[in-house]
Amino acid sequence: MRILEVIDKNHVKLFNNLVEKIYKDDENYVRPLDIVVNEVFTPEKNPFYKHGSATRFIALDNNGQVVGRVAAFINEKKAFGYEQPTGGMGFFECIKNQEVAFLLFDAAKEWLIQHNMKAMDGPINFGENDNFWGLLIEGFSQASFGMQYNPPYYQAFFEAYGFKTYFEQITNKLDLTKPFPERFWKIAGWVVKKEGYSFKHFRLKNRDKFLSDFETIYNDAWQFHENFVPISKQVLNDTIDKAKSFLEEDIIWFAYHGNKPIGLLVLFPDINQITKHFNGKMNLLNKLRFLWMKKRNVMSRARVVILGIIPKFQKSGIESGLFWHLKGAVEKKPNLTELEISWVGDFNPKMRVLQDSMGADFSKKHITYRYIFGEDKESNNRASTIPRDTKS
């Protein structure tokens, strides 16, 4: 068995194509687009390289066949905010062989140790947590765009190696063919009529203003998350650039009090319902197929990527007002029959309660693990819970 660091185009191809072996009999698997995965590890494309570094490894058996892969990375803005410097590992794929899995985990660990880390979280992304984040342990149905999918046997590998649960991530779904609870709409109807409040949907032609508003809301609403790092305008611009071909302006909503941005709700159509036919390739033919299938309204699901209200206006029904306006947009899209709300960590009880109030049903559970190196590896430090009342 050999572990090789990915250093050339052939290695990249082997890294990407391993999934054909792992998921050849899994109808629920949707191969991420190669271009999306490659951009994570391209400094010119991924702004996280400005404050971090990353590498990839592949495992080869005695016949030279790829049997596993993993990536290791350090986000310097977050790594040193924990009790111990903590890096990340992700993009793990492996045949059903614990020895191979442990060799890959070792490769990631040793690289991180060489870069002065004392722990690793995984599987996570070298980027924002809306993509490639967490290990799926319940709800093995087709993943929406950006959501992590893996075979069930991976969980045993992680836990046998010594990874401990850092936090759980719950994804719920809303059946749009069924009505919301009456109380939810009653609150929404009251909020949207209240003087001083207004709601606007995103417009690409005014992206600079809306992204500034997004930055303001996010950096206020998420300030109580553990090891919080403010989001940058560049990251937001990059996200919009990558999503322009499929985003729909009228399912991205902002709430205002006077001229002050106070809340946001961001949905993306689930393009996995189209790209599942592309086997990871976005060539010219598949670009044309994408446009054709999009026009035919193939996508029946949208993913709630982010929902946030600044602390001062929490418990004021603003999220109900956002969904009220979203409801009007969705009613004009009869092809949309399901919303996936992904994901909410167990450190965020307020958002869990909100999902329950909407009548959302359980869909999936992921786990983000932490492995602490050395003598303290048996400790089980969990992510700190966001206080239920952050209004003051």
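Refer to the structure above for everything that follows.
Residues numbered from 1 in each chain as written. Predicted model: local features only at pLDDT ≥ 70, side-chain atom pairs only at ≥ 80, totals over all residues. Heavy atoms only, no water.

Novice: Would you mind showing me how to read the overall build of the protein here?
Specialist: The number of helices and strands found in the protein is twelve helices and 13 strands. At 21 Å, the protein has a C-alpha radius of gyration in line with the 21 Å of a compact globule built from 392 residues. Across the 392 residues that make up the protein, the buried fraction comes to 54%. Contacts in the protein between residues at least 24 apart in sequence constitute 77% of all its contacts with a sequence separation of at least 6. When the accessible surface of the protein is split by element, carbon and sulfur atoms take 49% of a total near 18,400 Å². Computing the positive centroid from 54 side-chain charges and the negative centroid from 47, the protein places the two 6 Å apart. (Helix = DSSP H or I, 4+ residues; strand = E, 2+ residues; numbered from the N terminus. Rg over C-alpha atoms; globule rule 2.2 N^0.38 Å. Buried < 20%, exposed > 50% of the residue type's maximum accessible area, 1.4 Å probe, protein only. Contact = heavy atoms within 4.5 Å. Areas by Shrake-Rupley, 256 points an atom, 1.4 Å probe, with all protein chains shown as cover. Lys, Arg positive; Asp, Glu negative; His and termini not counted. Charge placed at Lys NZ, Arg CZ, Asp CG, Glu CD.)

Novice: How should I be thinking about the pairing of strand β9 (residues 252-257) in this particular structure?
Specialist: If a strand is regular, its side chains alternate between the two faces of the sheet. Counting buried residues in β9 gives five out of six residues, a clear majority hidden from the surface. Of the strand pairs in this sheet, strand β8 (residues 197-201) and β9 are connected by five bridges, and their pairing is antiparallel. Bridge assignment links Lys200 to a residue of β9, and that residue is Phe254. With six bridges connecting them, β9 and strand β10 (residues 260-269) associate as antiparallel partners. Bridged to Phe254 within β10 is Leu264. (Pairing = 2+ DSSP bridges.)

Novice: Help me out: how do you make sense of the pattern of salt bridges in this one?
Specialist: Side chains that differ in sign of charge can pair as their charged atoms come close. Counted according to the given criterion, the structure contains 17 salt bridges. One salt-bridge network, in which partners are shared between bridges, spans Glu20, Arg31, Asp34 and Lys281. (Salt bridge = Lys/Arg side-chain N within 4 Å of Asp/Glu carboxyl O.)

Novice: Sorry, what's going on with helix α12 (residues 349-357) here?
Specialist: Residues spaced three or four apart along an α-helix point in a common direction, a consequence of the helix completing one turn every 3.6 residues. Buried within α12 are the following residues: Pro349, Met351, Leu354 and Gln355. Looking at the buried positions of α12, the neighbouring elements they touch are β7 (164-175), α6 (182-193), β11 (301-309), α11 (318-330) and β12 (338-345). Count one or two residues on from α12 and you reach Gly359, which has phi positive near 80°.

Novice: Got a minute to help me understand the side chain of Lys109 in this structure?
Specialist: Tracing the chain through its elements places Lys109 in helix α4 (residues 98-114). No salt bridge is formed by the buried Lys109. Its closest oppositely charged neighbour is Asp106, at 4.1 Å.

Novice: What is the right way to look at the packing of α6 against α11 in this model?
Specialist: Packed helix pairs are specified by the crossing angle of their axes together with the interaxial distance, meaning the distance between the axes. Running from N to C, α6 and α11 point in directions that differ by 95°, and their axes come no closer than 8 Å. In this view, α6 runs roughly perpendicular relative to α11, as classed from their interaxial angle. Of α11, the residues touching α6 (which contributes Phe184, Trp185, Ile187, Ala188, Gly189, Val191 and Val192) are Ile318, Glu319, Ser320, Gly321, Phe323, Trp324, His325 and Lys327. Classifying every residue of the contact of α6 with α11 gives nine nonpolar, four polar and two charged. (Axes fitted to C-alpha atoms, helices over the stretch in contact; angles between N-to-C directions. Parallel < 35°, antiparallel > 145°, perpendicular 65-115°, else oblique. Nonpolar A, V, L, I, M, F, W, Y, C, P; charged D, E, K, R; others polar.)

Novice: Explain unusual backbone geometry to me, please; I cannot follow it from the model alone.
Specialist: Residues other than glycine predominantly adopt negative phi, and peptide bonds predominantly adopt the trans conformation. Here the residue pair Gly122 and Pro123 is connected by a cis peptide bond, since its omega of -10° sits within 30 degrees of zero. For Pro123, the position within the fold is in the loop between β5 (119-122) and β6 (135-138). Along the chain, Ser342 connects to Trp343 via a cis peptide bond; the corresponding omega equals -15°. With respect to the helices and strands, Trp343 occurs in strand β12. Positive phi outside glycine occurs at Asn116, with the angle close to 70°. Inspection of the secondary structure puts Asn116 in the loop between α4 and β5.

Novice: I tried to follow the environment of Leu211 on my own but got confused; where do I start?
Specialist: Topologically, Leu211 is positioned in helix α7 (residues 207-221). Accessibility expressed as a relative area gives 4% for Leu211, which makes it buried. Taking the C-alpha atoms as reference points, Leu211 and His11, 200 residues apart in sequence, are found 37 Å from one another.

Novice: Even after reading the chapter, I still don't get the packing of aromatic side chains, so can you show me in this structure?
Specialist: How two aromatic rings sit relative to each other is given by the distance of their centres and the angle of their planes. Taken as a whole, this structure holds 46 aromatic pairs when the rule is applied. When the ring of Phe180 is compared with that of Phe323, the centres are 6.1 Å apart and the planes differ by 45°; the resulting orientation is tilted. Placement of Phe180 in the loop between β7 and α6 and of Phe323 in helix α11 is noted, with a sequence separation of 143 residues between them. Joined through ring pairs, the aromatic side chains of Phe92, Phe102, Phe105, Tyr153, Tyr154, Phe157, Phe158, Tyr161, Phe163, Tyr369, Tyr371 and Phe373 make up one cluster. Over the aromatic face of Phe15 sits the side chain of Arg69, whose NZ or CZ is 4.3 Å from the ring centroid. Lying over the aromatic face of Tyr166, Arg370 brings its terminal NZ or CZ to 3.8 Å of the ring centre. (Phe/Tyr/Trp six-rings, centres within 6.5 Å; stacked < 30°, edge-to-face > 60°. Lys NZ or Arg CZ within 6 Å of the ring centre and 35° of its normal.)

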